[in-house]
Amino acid sequence: MQTYHFIVKGNVQGVGYRFTAYLNATKIGIKGTVKNLDEDVELFVQGNSNQIENFKKYLKLGSFMSRVDSISEELVEREKFDSFEIIY
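Residues numbered from 1 in each chain as written. Predicted model: local features only at pLDDT ≥ 70, side-chain atom pairs only at ≥ 80, totals over all residues. Heavy atoms only, no water.

*Asks:* Tell me about the overall build of the protein, and please be specific about residues and values.
*Replies:* In terms of regular secondary structure, the protein is built from two helices and five strands. Beginning at the N terminus, the succession of helices and strands in the protein can be written as β-α-β-β-α-β-β. Rg of the C-alpha trace for the protein: 12 Å, near the compact-globule value of 12 Å for 88 residues, within the 12% margin. By its C-alpha atoms, the protein is 30 × 25 × 20 Å across when sized along the principal axes. In the protein, buried positions account for 43% of the 88 residues. Partitioning the intrachain contacts of the protein with sequence separation of at least 6 by distance along the chain shows that 78% fall at a separation of at least 24. Of the roughly 5,300 Å² of accessible surface on the protein, a fraction of 47% belongs to carbon and sulfur atoms. Taking the average location of the 11 positive side-chain charges in the protein and that of its 12 negative ones, the two points are 7 Å from each other. (Helix = DSSP H or I, 4+ residues; strand = E, 2+ residues; numbered from the N terminus. Rg over C-alpha atoms; globule rule 2.2 N^0.38 Å. Buried < 20%, exposed > 50% of the residue type's maximum accessible area, 1.4 Å probe, protein only. Contact = heavy atoms within 4.5 Å. Areas by Shrake-Rupley, 256 points an atom, 1.4 Å probe, with all protein chains shown as cover. Lys, Arg positive; Asp, Glu negative; His and termini not counted. Charge placed at Lys NZ, Arg CZ, Asp CG, Glu CD.)

*Asks:* Describe in detail the sheet that holds strand β3 (residues 41-47), supporting the description with residues and values.
*Replies:* By way of backbone hydrogen bonds, the strands of a sheet pair with one another, either parallel or antiparallel. In space, the five strands of this open sheet follow the order β4-β1-β3-β2-β5, with mixed pairing throughout. Single-partner strands in this sheet number two, and they are β4 (67-75) and β5 (84-87). Here the average twist between neighbouring strands, direction ignored, is 15°. Two strands pair when backbone bridges link them, and strand β2 (residues 31-36) and β5 are joined in this way by four bridges, in the parallel orientation. Paired with K35 across the strands is I87, a residue of β5. Contacting β1 (2-11), β2, β3, β4 and β5, helix α1 (residues 17-28) crosses the sheet at an angle of about 170° to β5. Across the sheet, helix α2 (residues 49-61) is in contact with β1, β3 and β4; its angle to β3 comes to roughly 155°. (Pairing = 2+ DSSP bridges. Axes fitted to C-alpha atoms, helices over the stretch in contact; angles between N-to-C directions.)

*Asks:* Which residues make up the nonpolar core, and what values do they have?
*Replies:* Counting residues in hydrophobic clusters, the biggest one holds 19 residues, and the most contacted among them are Y17, I30, V41, L43, V45, F55 and F84. Among the elements of the structure, β1, α1, β3, α2 and β5 are those that each provide at least two residues to this core. The residues touching Y17, leaving out its near neighbours within four places in the chain, are V8, V12, V41, L59, G62, S63, S66 and V68. (Core = buried A, V, L, I, M, F, W, Y, C linked by side-chain atoms within 4.5 Å.)

Purely geometric numbers; function is a separate question.
Okay, structure coming up:
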């Protein structure tokens, strides 16, 4: 089980990006969190390498109204998540 920290930059707030990430994460079996920062979206995600690679494709696509300019990623140590949730 790997844990990644992602920061997604672009037009990713107010366009359904977090909800789309939630739907895709639960479909793939990813655990973790997604939340808005000042202008960006932050995610902590846990899964096996195949799940993470598949999820990264969805992060790049975003929602139908979003525009993803860049995604930074970092492998991190983090406690185990039980589910995937949107943090408001």
